[in-house]
Amino acid sequence: MIDVQHVSKHYGPIHALDDISFQIREGTCFGLVGPNGAGKSTLMKILSGILLNFDGDIGVKDWKVSKDRTKIKQQIGYIPQEICLEETLTARDNLILFGNMYGLKGKALHVRMDEVLDQIGLQDRAKDKVMTFSGGMKRRLNIGCALLHKPGIVIMDEPTVGIDPQSRNSIFSVIHQLKAEGSTIIYSSHYMEEVEQLCDSIGLIDKGQLMEFGRMEELLDKHGKPSLFIAGDGIGEAMLQEFGEAEPKGNGYLLNSDEPLFTLEKLVVHCREHQLEPRRLELYQPRLEDIFFNLTGTQLRDA
Ligand SMILES: Nc1ncnc2c1ncn2[C@@H]1O[C@H](COP(=O)(O)OP(=O)(O)OP(=O)(O)O)[C@@H](O)[C@H]1O
Ligand SMILES: [Mg+2]
């Protein structure tokens with residue numbers, strides 16, 4: 001169990017984190033979601049024991065970050081938001097550098113390096129200098145460096161920003177593998193679909209405050225009731241008025257209704273009577289993105 005207890009952090013006048021508390025169960029994947037400047041990286045640096053000056057405390061197993069930092073750091077693999085590699089060295093030499101930092105040496109290190117290179121799909125580029133790698137390959141290598149000491153807790157800060165689909169898939173498969181091995185994963189992102197796909201529980205963070213926390217299904221049940229989505233020629237706000245509150249979404253409208261199925265039935269009859277042929281008419285299940293918007297009034301991506 002990771003127990004975040006009343007964590008606050010300010011950089012001078014900036015309150016980056018404001019009294020954050022939540023728990024992460026061992027062996028689960030936790031997603032930290034929020035817009036730019038929300039405080040995700042600050043929280044991840046505190047969780048990984050590299051940012052020390054903060055209020056509150058964090059419990060990991062029977063330890064506290066405030067007292068047992070060295071023991072906790074050995075349990076953690078931290079992949080920072082900014083890639084941290086030695087560009088002039090090969091992938092292999094970078095792994096050796098990181099391995100040595102974790103006290104790995106000799107045969108044990110080389111065996112582990114091969115396992116990690118397979119895991120991140122870079123075995124065939126192991127002898128190439130990092131400066132010849134794509135952004136996605138560098139990201140994968142950075143992940144590999146953090147996995148060498150087989151940490152039980154892996155913290156990844158926005159690992160998929162600006163990378164190619166192949167590297168993205170490779171990173172997802174590493175995460176699935178880590179999950180299957182029972183690792184605890186803490187994953188930050190502002191891509192909601194990724195978090196929905198990967199994470200068991202999530203924290204929504206905005207302006208340093210934890211707006212919501214819980215299991216994915218709990219949050220979707222709590223904040224989002226199904227509504228209707230309708231799009232097509234002749235479908236407009238005026239026409240939808242009598243069926244409920246309509247708001248534009250994409251190329252159509254989202255129609256909020258307390259009884260979506262009943263409204264769907266009425267809409268079908270109405271469209272038939274007025275010879276309207278909607279391109280789309282369907283039940284719309286709210287997504288994480290909608291929950292974030294409802295809670296903060298801002299879109300996650302453009303915030
Ligand atoms: N070293 C620092 N000195 C001063 N202010 C900082 C420092 N690091 C972060 N901040 C501020 O703290 C707030 C939270 O920043 P943080 O990097 O934790 O956000 P984030 O959610 O990771 O954002 P992003 O999605 O852009 O990575 C921001 O207002 C940021 O400007
Ligand atoms: Mg960040």
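Since the structure is predicted, the reported quantities are computational estimates derived from the model, not experimental observations.

Colleague: Kindly report on the site of ligand 1, identifying the contributing residues and their values.
Modeller: Close contacts around ligand 1 come from 13 residues, with Gly-37, Lys-40, Ser-41, Thr-42 and Gln-81 the closest. Between ligand 1 and the protein, one listed contact pairs an oxygen atom with a backbone N or O atom of Gly-37 at 2.8 Å. Ala-38 has a polar backbone atom sitting 3.1 Å from an oxygen atom of ligand 1. Notes on ligand 1: free accessible area 630 Å², of which the protein chains cover 63%. The leading source of residues in the shell around ligand 1 is helix α1 (residues 40-47), at three residues.

Colleague: Tell me about the packing of helix α3 (residues 91-101) against helix α4 (residues 106-119), and please be specific about residues and values.
Modeller: Two numbers describe how α3 lies on α4: the axes approach to 11 Å, and their chain directions differ by 125°. Relative to α4, the element α3 is oriented oblique. Crossing angle aside, the handedness with which α3 passes α4 is right-handed. For the pair α3 and α4, the contacting residues are Arg-92, Leu-95, Ile-96, Gly-99 and Asn-100 in the first and Leu-109, His-110, Met-113, Asp-114, Val-116 and Leu-117 in the second. Its residues assigned to classes, the contact of α3 with α4 shows six nonpolar, three polar and two charged.

Colleague: Summarise the coordination of the magnesium ion (ligand 2); cite the residues concerned and give the values.
Modeller: Protein coordination of the magnesium ion (ligand 2) is provided by Ser-41 (OG) and Gln-81 (OE1), with donor distances spanning 2.0 Å. Highlighted residues: Ser-41 in helix α1 and Gln-81 in the loop between β6 (76-79) and α3, separated in sequence by 40 residues.

Colleague: Go over the domain arrangement of the protein, please, and point to the residues and values.
Modeller: Segmenting the protein into domains produces domain 1 (2-221) and domain 2 (225-285). Inter-centroid distance (C-alpha atoms) of domain 1 to domain 2 is 42 Å.

Colleague: Could you give an account of the sheet that holds strand β1 (residues 2-11), naming the residues involved and the relevant values?
Modeller: Read across the open sheet, the four strands follow the order β2-β1-β4-β5; overall the sheet is antiparallel. Both edges of this open sheet fall to β2 (14-24) and β5 (63-64), since each of them pairs with a single strand only. Sheet topology places β1 next to β2; seven bridges connect them, and they run antiparallel. Note that in β2 the partner of His-10 across the bridge is His-15. With respect to the sheet, α1 is in contact with β1, β2 and β4 (55-60), its orientation differing from that of β1 by roughly 125°.

Each value, and the rule that gives it
- Residues numbered from 1 in each chain as written.
- Chains lettered and ligands numbered in written order.
- Predicted model: local features only at pLDDT ≥ 70, side-chain atom pairs only at ≥ 80, totals over all residues.
- Heavy atoms only, no water.
- Near = heavy atom within 4 Å.
- Polar contact = N/O pair within 3.5 Å; in protein donor to acceptor, adjacent residues only side chain to side chain.
- Areas by Shrake-Rupley, 256 points an atom, 1.4 Å probe, with all protein chains shown as cover.
- Helix = DSSP H or I, 4+ residues; strand = E, 2+ residues; numbered from the N terminus.
- Axes fitted to C-alpha atoms, helices over the stretch in contact; angles between N-to-C directions.
- Parallel < 35°, antiparallel > 145°, perpendicular 65-115°, else oblique.
- Left-handed = near helix turned anticlockwise from the far one by under 90°.
- Contact = heavy atoms within 4.5 Å.
- Nonpolar A, V, L, I, M, F, W, Y, C, P; charged D, E, K, R; others polar.
- Donors = N, O, S within 2.8 Å, 3.2 Å for Na, K, Ca; no water.
- Domains from an automatic or database assignment.
- Pairing = 2+ DSSP bridges.

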